[in-house]
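Inside the fold
The residues making up each chain are set out below.
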Amino acid sequence: MSDKIYLDHAATTAVRQEVLDAMLPFFTEHFGNPMSVHSFGREVTKAVEASRETIANCLGAEPKEIMFTSSGTEADNWAIRGFAQANSKNGQHIITSSIEHHAVLHTCEQLEKEGFEVTYLPVDSEGFVDPKNLEEAIRPDTILVSIMHANNEIGTIQPIEELGTICRDKKVAFHVDAVQSAGVLPINLKELPVDMLSLSAHKFYGPKGIAALYVKKGTRIKPIIYGGGQERGLRAGTHNHAAIVGMAKALELAISEQEEYAKKITDLRDMLIDGILEKIPHTRLNGPRGDKRLPNNVNVSIQYIEGEGILLHLDMLGIAASSGSACTSGSLDPSHVLLAIGLSHEIAHGSLRLSLGRENTEEEIKRVLEVLPKIVKNLRAMSPLYQG
Ligand SMILES: *Cc1c(COP(=O)(O)O)cnc(C)c1O
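Residues numbered from 1 in each chain as written. Predicted model: local features only at pLDDT ≥ 70, side-chain atom pairs only at ≥ 80, totals over all residues. Heavy atoms only, no water.

A cluster of nonpolar side chains, contributed by V15, L20, L24 and F27, occupies part of the molecular surface with about 340 Å² of accessible area. For L20, the position within the fold is in helix 1 (residues 17–23). Judged by relative accessible area, which is 34%, L20 ranks as partly exposed. (Patch = residues over 30% accessible without salt bridge, like charges linked within 9 Å, V, L, I, M, F, W, Y side chains within 5 Å. Areas by Shrake-Rupley, 256 points an atom, 1.4 Å probe, with all protein chains shown as cover. Salt bridge = Lys/Arg side-chain N within 4 Å of Asp/Glu carboxyl O. Helix = DSSP H or I, 4+ residues; strand = E, 2+ residues; numbered from the N terminus. Buried < 20%, exposed > 50% of the residue type's maximum accessible area, 1.4 Å probe, protein only.)

Now the structure itself:
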């Protein structure tokens, strides 16, 4: 790339060259429909099933437990709606947290309109769900709990093993939105008490428009998309086989490099956090420190100014960041995540997310630490809220 600095990897990542190379023949040479019986279809079926196996191996799952979807959003919708509809005779109560991605929250809100009851668990000031709160919220009619692995805005990593154990003891299904963590944190579904798990390729250097839902053997879900018999009749629609091949390659690479990558990126993250808190007064870190935070996430509130203003100035210097989440940028609603951890509207508005990735360097972090304090100083000088 150019001298631009991309610090918005939680929103999306670039496709790696190795991934693109793996995908390209599947647009032209190997273009068959996997549902066809002729050789064109058969060779593509082979590639789709090999990719399913690769993804399953990366997660400690079985190939038939991996279902392809068009996005992480669809995987979240399907897990929650598909499970709720298949199991509603056992109860109509669902539990989630107040800091989930909108793909989960808006699905739950829609199900409420259709007669389900939903409990939104609070989080503490660092964004953690308290397992005790989950235990107390489970009722005889609770059928499903959906809690994310790692938060996309503030990087908090939930104790999913502990939360899942509670669900298992109470015989309630457990869905995990792992869209931010897949490829970044180790995930071993052989050991985790998880029934469904969402992941999306474009967050780990794969293509956009392809994702997967892990559905543990024996978990009953209804389709939300009807048509042909793809995915054993559970998710209709011609496979995006080039993207499926790319997703498998991207996850395989991410897992093989995971330990080394996490170490490198954690160092850059902490350098950025320490530098911002040290160089810019009236600043706070949102989310925890240490190993309970995503290795690539930085989220800070910079008092007395608007996050959007900082973003525009950073953008003029070729530095790409985000305020809160990509979905709320451009709207004036403060992030539901920042409000849920107890920030006031005013402080939530002054927040900035810098999410790191594979290609970021120490030099880039130094450059950000050089320009950001100046931007903040200039904006504060113009801010009626700031009295020096
Ligand atoms: C990006 C994201 C999603 C949505 O995934 P898409 O593939 O972009 O639809 C869901 N949950 C979390 C936590 C995310 O970060």
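A word on the site of the ligand. Near the ligand you find 13 residues, and of these T73, D177, Q180, S200 and K203 are the closest. In this structure, an oxygen atom belonging to the ligand sits 2.8 Å away from a main-chain N or O atom of G72. In this structure, an oxygen atom belonging to the ligand sits 2.7 Å away from a side-chain N or O atom of Q180. Taken by itself the ligand offers 380 Å² of open surface, and the protein chains cover 88% of this. Broken down by class, the residue content of the shell around the ligand amounts to 2 nonpolar, 8 polar and 3 charged. (Near = heavy atom within 4 Å. Polar contact = N/O pair within 3.5 Å; in protein donor to acceptor, adjacent residues only side chain to side chain. Nonpolar A, V, L, I, M, F, W, Y, C, P; charged D, E, K, R; others polar.)

Our next topic: the sheet that holds strand 5 (residues 142–146). Strand pairing in a sheet relies on backbone hydrogen bonds, with the paired strands running either antiparallel or parallel. An order of 2-8-7-6-5-3-4 is seen for the 7 strands of this open sheet, with the pairing classed as mixed. The outermost strands of the open sheet, each flanked by one partner alone, are strand 2 (66–69) and strand 4 (117–121). For this sheet, the mean angle separating the axes of adjacent strands, direction not counted, is 20°. Here strand 7 (residues 196–200) pairs with strand 8 (residues 211–215) via 5 bridges, running antiparallel. Directly across from M196, in strand 8, lies its bridge partner V215. Its contacts with the sheet put helix 6 (residues 160–169) on strand 5 and strand 6 (173–177), and the angle it makes with strand 6 is roughly 155°. (Pairing = 2+ DSSP bridges. Axes fitted to C-alpha atoms, helices over the stretch in contact; angles between N-to-C directions. Contact = heavy atoms within 4.5 Å.)

Taking 1.5 Å per residue as the helical rise, helix 7 (residues 241–279) with its 39 residues ought to reach 57 Å, whereas the 48 Å between its terminal C-alpha atoms falls clearly short. The largest bend in helix 7 amounts to roughly 65° and is located at Q258. (Expected span 1.5 Å × (residues − 1). Bend = angle between axes of the 7 residues up to and from the residue.)

Bringing the side chain of T12 into the picture now. Mapped onto the fold, T12 is located in the loop between strand 1 (5–6) and helix 1. Excluding its chain neighbours within four sequence positions, the residues that come into contact with T12 are Y6, H202 and K208.

Quick look at the packing of aromatic side chains now. Two descriptors summarise a pair of aromatic rings, namely the distance from one centre to the other and the angle between the planes of the rings. Under the definition given, this model contains 2 aromatic pairs. Ring geometry for F31 and F40: centres 5.6 Å apart, planes at 50°, overall tilted. Arranged with centres 5.1 Å apart and planes meeting at 50°, the rings of Y304 and Y386 form a pair that is tilted. On the criterion of sequence distance, the pair formed by Y304 in the loop between strand 10 (297–302) and helix 8 (307–316) and Y386 in the segment after helix 11 (362–382) is long-range, its members being 82 residues apart. Taking relative accessible area as the criterion, Y386 reaches 22% and is therefore assigned partly exposed. Its guanidinium or amino end placed over the ring of Y205, R358 lies 5.6 Å from that ring's centre, counting from NZ or CZ. The side chain of R380 reaches across the aromatic face of Y386, ending 5.2 Å from its centre. (Phe/Tyr/Trp six-rings, centres within 6.5 Å; stacked < 30°, edge-to-face > 60°. Lys NZ or Arg CZ within 6 Å of the ring centre and 35° of its normal.)

Moving on, we get to the pattern of salt bridges. Scanning all chains against the criterion turns up 16 salt bridges. Of the charged contacts in the structure, one is a salt bridge between R139 and E117, with a shortest N-O distance of 3.1 Å. Residue R139 is located in the loop between helix 5 (131–137) and strand 5, and its partner E117 is located in strand 4; the two are separated by 22 residues in the primary sequence. You can call R139 partly exposed: its relative accessible area is 28%. Judged by its relative accessible area of 44%, E117 falls in the partly exposed class. R289 is paired through a salt bridge with D274; the nearest N and O atoms lie 2.5 Å apart.

Further remarks concern the environment of R16. Tracing the backbone through its elements, the reader meets R16 in the loop between strand 1 and helix 1. C-alpha of R16 to C-alpha of K249: the two residues are 233 residues apart in sequence and 9.5 Å apart in space. Setting aside anything within four residues of it in sequence, one finds R16 in contact with Y205, L253, E257 and R358.

Ranked by internal contacts, the top residues of the largest apolar core, which has 55 residues, are I66, L134, F174, L197 and L199. The element that contributes the greatest number of residues to this core is helix 7, accounting for 7 residues. Residues from two domains meet in this core; each of domain 1 (5–13 + 258–381) and domain 2 (17–256) gives at least three. Residues in contact with L197, not counting those within four places in the same chain, are H175, V176, A178, I187, L189, A212, L213 and Y214. The next biggest cluster of nonpolar side chains, apart from the first, holds 31 residues, and it includes I265, V371, L372 and V376. (Core = buried A, V, L, I, M, F, W, Y, C linked by side-chain atoms within 4.5 Å. Domains from an automatic or database assignment.)

A word on the environment of R353. With respect to the secondary-structure elements, R353 resides in strand 12 (residues 351–355). According to the relative accessible area criterion, R353 is buried, its value standing at 1%. For the pair R353 and Q17, spaced 336 residues apart in sequence, the C-alpha separation works out to 27 Å. A polar contact of 2.7 Å, which involves the side chain of R353, links it to the backbone oxygen of N152.

For any two helices packed against each other, the geometry is given by the interaxial angle and the distance between the axes. Running from amino to carboxyl end, helix 3 (residues 72–87) crosses helix 4 (residues 102–113) at an angle of 30°, the nearest separation of the two axes being 9 Å. In terms of axis orientation, helix 3 runs roughly parallel to helix 4. Helix 3 and helix 4 meet at a crossing whose hand is right-handed. Packed against helix 3, whose contacting residues are T73, D76, N77, I80, R81 and A84, the element helix 4 presents A103, V104, T107, C108, Q110 and L111 at the interface. Here the contact of helix 3 with helix 4 is built from residues that sort into 6 nonpolar, 4 polar and 2 charged. (Parallel < 35°, antiparallel > 145°, perpendicular 65-115°, else oblique. Left-handed = near helix turned anticlockwise from the far one by under 90°.)

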